[in-house]
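# Residue-level structure breakdown
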Amino acid sequence: MKRKPDHYTERARKEGFPARSVYKFDELQHRFRLVNRGDTVLDIGASPGSWTLRLLELVGKEGTVVALDRKELPELTRAGNTAVCMQADITEPAEYGDLERYAPFDAIVSDAAPNTSGHRTLDTARSAVIVESSLELTGQLLKPGGNAAFKLFQGGDEQAILATARDMFEKARIVKPKACRDESFEVFLVCTGRTAT
Ligand SMILES: C[S@@+](CC[C@H](N)C(=O)[O-])C[C@H]1O[C@@H](n2cnc3c(N)ncnc32)[C@H](O)[C@@H]1O
């Protein structure tokens, strides 16, 4: 069933973003200041590109945004900077190609979500696999002191995932931005201050 456009969808269209999800990132950025000017950022599950466009604005010309999605991405340019686009499945390290070349990252963010089947246990388990793979990659490629945020479907392993994140970061918590639809069971795992390994 096609959803009626809400306030965030209308606003995204007016402000030149392809998806309303940009406002979820904005809330996380406002609360936790995940990304700074000049940063090198990895955006996982980036298509159609709203978060990437906002990240390009935030890092400015001196920063780098690497946008990764299993779908092909369009060219994404904002604020005089163009994202590096990579087509890869985050759960398949063999597909990462030359991603390491851009590391270490100052921040890693993920809005990646599986296609929902309507079977909540299955969808939640698939979301957990994406977050676990993203955390594994984060352990290898994020700078000490760096920040991260990952979309996660609630109702499965989130306590175990939160415990893993707390071993890697000074702080990790689960947050539900206001821009998430009321009926959605998505939340974000927000991690700040990667501890040195
Ligand atoms: C909600 S959309 C992201 C919206 C995007 N942040 C934006 O603001 O335009 C979720 C994306 O996650 C991607 N995705 C899902 N599973 C993935 C995986 N295993 N690896 C990479 N991307 C994945 C999907 O292809 C989809 O484009």
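Everything in this summary refers to the structure shown in the same document. Remember, predicted model here, so these are calculated numbers, not experimental data.

Analysis parameters
- Residues numbered from 1 in each chain as written.
- Predicted model: local features only at pLDDT ≥ 70, side-chain atom pairs only at ≥ 80, totals over all residues.
- Heavy atoms only, no water.
- Helix = DSSP H or I, 4+ residues; strand = E, 2+ residues; numbered from the N terminus.
- Rg over C-alpha atoms; globule rule 2.2 N^0.38 Å.
- Salt bridge = Lys/Arg side-chain N within 4 Å of Asp/Glu carboxyl O.
- Buried < 20%, exposed > 50% of the residue type's maximum accessible area, 1.4 Å probe, protein only.
- Near = heavy atom within 4 Å.
- Polar contact = N/O pair within 3.5 Å; in protein donor to acceptor, adjacent residues only side chain to side chain.
- Areas by Shrake-Rupley, 256 points an atom, 1.4 Å probe, with all protein chains shown as cover.
- Nonpolar A, V, L, I, M, F, W, Y, C, P; charged D, E, K, R; others polar.
- Pairing = 2+ DSSP bridges.
- Axes fitted to C-alpha atoms, helices over the stretch in contact; angles between N-to-C directions.
- Contact = heavy atoms within 4.5 Å.
- Phe/Tyr/Trp six-rings, centres within 6.5 Å; stacked < 30°, edge-to-face > 60°.
- Lys NZ or Arg CZ within 6 Å of the ring centre and 35° of its normal.
- Core = buried A, V, L, I, M, F, W, Y, C linked by side-chain atoms within 4.5 Å.

We now examine the overall build of the protein. Helices and strands together make up the secondary structure of the protein, namely 5 helices and 9 strands. The order of α-helices and β-strands along the protein, N terminus first, is α-α-β-α-β-β-β-β-β-α-β-α-β-β. Taken over the C-alpha trace, the protein has a radius of gyration of 16 Å; the compact-globule value for 197 residues is 16 Å, and the two agree within 12%. Principal-axis analysis of the C-alpha atoms places the extent of the protein at approximately 45 × 40 × 35 Å.

On inspection of all chains with the given rule, the structure shows 12 salt bridges. Between glutamate 57 and arginine 54 there is a salt bridge, and its shortest N-O distance comes to 2.7 Å. With glutamate 57 and arginine 54 both in helix H3 (residues 50-59) and 3 residues apart, the pair spans about one turn of that helix. The exposure class assigned to glutamate 57 is partly exposed, which follows from its relative accessible area of 29%. Arginine 101 is paired through a salt bridge with aspartate 98; the nearest N and O atoms lie 3.1 Å apart. A relative accessible area of 38% means that aspartate 98 is categorised as partly exposed. If you follow the salt bridges from partner to partner, you end up with Lys24, Asp111, Lys151 and Glu186 in one network.

The next point concerns the site of the ligand. Surrounding the ligand, one finds 20 residues, the nearest of these being Ser21, Ser50, Asp69, Asp89 and Asp111. Interatomic distance of 2.7 Å between a side-chain N/O atom of aspartate 69 and an oxygen atom of the ligand. One of the side-chain N or O atoms of aspartate 111 is found 2.9 Å from a nitrogen atom in the ligand. Notes on the ligand: free accessible area 610 Å², of which the protein chains cover 91%. In terms of residue class, the shell around the ligand is made up of 9 nonpolar, 5 polar and 6 charged.

With mixed pairing, 7 strands are arranged side by side in an open sheet as S5-S2-S1-S6-S7-S9-S8. Because the sheet does not close on itself, it has two edges, and the strands there are strand S5 (84-87) and strand S8 (169-175). Neighbouring strand axes in the sheet, compared pairwise and without regard to direction, differ in orientation by 15 degrees on average. The sheet contact formed by strand S6 (residues 105-110) and strand S7 (residues 142-153) spans 5 bridges and is parallel. Its bridge partner being in S7, valine 109 is matched across the sheet by alanine 149. Sheet contacts for helix H4 (residues 120-141): strand S1 (40-44), S6, S7, S8 and strand S9 (186-194); angle to S7, the most-contacted strand, approximately 175 degrees. Here helix H5 (residues 158-168) sits on the sheet in contact with S7, S8 and S9, set at roughly 155 degrees to S8.

So, on to the packing of aromatic side chains. In the structure shown here, the tally under the stated rule is 4 aromatic pairs. Judged by centre distance (5.0 Å) and plane angle (65 degrees), the rings of phenylalanine 153 and phenylalanine 185 are edge-to-face. You can see phenylalanine 153 sitting in strand S7 and its partner phenylalanine 185 sitting in the loop between S8 and S9, a full 32 residues away along the chain. Comparing phenylalanine 153 with phenylalanine 185, the two get one shared label, buried. Cluster of aromatic residues (ring-pair linked, three or more members): Phe25, Trp51 and Phe188. Over the face of the ring belonging to phenylalanine 17 we find arginine 78, whose NZ or CZ atom lies 4.6 Å from the ring centre.

Of all hydrophobic cores here, the largest spans 32 residues; its most connected members are Leu42, Leu99, Phe105, Leu135, Phe150, Leu189 and Cys191. Every element with two or more residues in this core is listed here: S1, strand S2 (64-69), S6, H4, S7, H5, S8 and S9. The element contributing the most residues to this core is H4, with 6 residues. Setting aside residues up to four positions removed in sequence, leucine 135 forms contacts with Phe150, Ile161, Thr164, Ala165, Met168 and Leu189. Counting 30 residues, the second-largest nonpolar core is a separate cluster that includes Val59, Ala149, Cys180 and Val190.

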